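Now for the letters of each chain:
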Amino acid sequence: MSKSVLKSKIKENGYTYKSISEKILNEYSYKISKESIAKYADGSRTPEPKLLVILSDILNVTVDYLIGNETLDVSKVPIIGTASCGSLDINYLQDIGKTALYNGDFYTPELYCVIASGDSMASEIENGDEIICDPNTISKSGDMVHYKIGDESAIKILLEDEDANIVQFIPYNTSDTFKTTTIRKDEEMYNDLIISKVVAVNKLNFNNRTARLRQIGRG
């Protein structure tokens, strides 16, 4: 843990060790004492991954910046809702109105974030990850995209077939549980299709046992 970074960012944002510990408890339901915050700030202890994510959210920096792995170049992106990755968990709707962090090279004010729900895009995207999307970039076949049509909001791989006059949205996971969506370009619904390119994924599940088991063929 970078002593100078955490200590300076707490002070810069107008917090004391007591006030930030109270904010963490009240807004994130995570109990941490002001004494522990002080130890993290002076570098004598290192926060667990979940607390690092919370601190980065409160202080508007990335986790890598907090631990001293990068210089500060981060923007806040609004979370607008949930995107299906095989399922729809309404519990993630509580994140609407909050923000995600983006530290890539292609920031624009139009970027937005959706929360992944399901595992159809594993292991690129896991349930609960933050997906940063750019509605202004032209998406091409092979891009990972967030698409919306009617009530459907999902993350899949875009495939355009000009000969067949169709667009398809294909999940990574080939299980029969997850389906490919096909839309003809001469159908009326095609005119209502909205596609945004996925430009970043914030991996939030640090202890994802399910993903790890899946990687070794046991999930």
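Residues numbered from 1 in each chain as written. Predicted model: local features only at pLDDT ≥ 70, side-chain atom pairs only at ≥ 80, totals over all residues. Heavy atoms only, no water.

A. Representation of the overall build of the chain within the structure. Along the chain, the regular secondary structure elements total six helices and nine strands. A total of 219 residues make up the chain; the buried ones form 40% of that total. When the accessible surface of the chain is summed, it comes to about 12100 Å², and 47% of that surface belongs to carbon and sulfur atoms. (Helix = DSSP H or I, 4+ residues; strand = E, 2+ residues; numbered from the N terminus. Buried < 20%, exposed > 50% of the residue type's maximum accessible area, 1.4 Å probe, protein only. Areas by Shrake-Rupley, 256 points an atom, 1.4 Å probe, with all protein chains shown as cover.)

B. Fine view of the packing of aromatic side chains. By the definition in use, this model includes one aromatic pair. Here Tyr147 and Phe169 contribute two aromatic rings whose centre-to-centre distance is 4.0 Å and whose plane-to-plane angle is 20 degrees, an arrangement assigned as stacked. Of this pair, Tyr147 sits in strand β5 (residues 144–149) while Phe169 sits in strand β7 (residues 166–170); the two residues are 22 residues apart in sequence, bridging distant segments of the chain. Accessibility classification places Tyr147 together with Phe169 in one group, the buried group. (Phe/Tyr/Trp six-rings, centres within 6.5 Å; stacked < 30°, edge-to-face > 60°.)

C. Examining helix α3 (residues 34–41) more closely. By the burial criterion, the buried members of α3 are Ser36, Ile37, Tyr40 and Ala41. The buried residues of α3 all sit within an arc of 140 degrees when viewed along its axis, so they share a single face. Positioned one or two residues after α3, Gly43 has a phi angle of 85 degrees, which is positive. (Arc of directions from axis to C-beta.)

D. Looking closely at the pattern of salt bridges. Under the definition given, this model contains five salt bridges. Ionic pairing is found between Lys9 and Glu12, a salt bridge with its closest N-O pair at 2.8 Å. Pair noted here: Lys9 and Glu12 are both in helix α1 (residues 3–12), with a separation of three residues, about one helical turn. Given the relative accessible area of 58%, Glu12 is considered exposed. (Salt bridge = Lys/Arg side-chain N within 4 Å of Asp/Glu carboxyl O.)

E. The pairing of β7, seen in detail. Across the five residues of β7, four count as buried, placing the element largely inside the fold. Bridging between strand β6 (residues 152–161) and β7 involves five bridges; their strand directions are antiparallel. Note that in β7 the partner of Leu159 across the bridge is Gln168. Linkage of β6 to β7, two consecutive antiparallel strands, is achieved through a turn of four residues, within which Asn165 is found at a positive phi near 60 degrees. Sheet topology note: the β7/strand β8 (residues 181–184) ladder contains four bridges and is antiparallel. Paired with Gln168 across the two strands is Thr182, which belongs to β8. (Pairing = 2+ DSSP bridges.)

F. Representation of the side chain of Thr181 in the model. Tracing the chain through its elements places Thr181 in strand β8. The class of Thr181 is buried, set by a relative accessible area of 16%. A distance of 3.2 Å separates polar atoms of two side chains, one belonging to Thr181 and the other to Lys156. If we ignore the near neighbours within four places in the chain, the residues touching Thr181 are Tyr147, Glu152, Lys156, Val167, Gln168 and Phe169. (Polar contact = N/O pair within 3.5 Å; in protein donor to acceptor, adjacent residues only side chain to side chain. Contact = heavy atoms within 4.5 Å.)

G. Highlighting the nonpolar core. Counting 19 residues, the largest nonpolar core has Leu6, Ile20, Ile24, Leu51, Leu59 and Leu66 as the members making the most contacts within it. Elements with a minimum of two residues in this core: α1, α2 (17–28), α3, α4 (49–59) and α5 (63–66). The element that contributes the greatest number of residues to this core is α4, accounting for six residues. When residues no more than four places from it in sequence are discounted, the contact partners of Leu59 are Leu6, Lys9, Ile10, Asn13, Tyr15, Ile20 and Leu66. Formed by 13 residues, the second largest nonpolar core is a distinct cluster that contains Cys85, Ile131, Met144 and Ile157. (Core = buried A, V, L, I, M, F, W, Y, C linked by side-chain atoms within 4.5 Å.)

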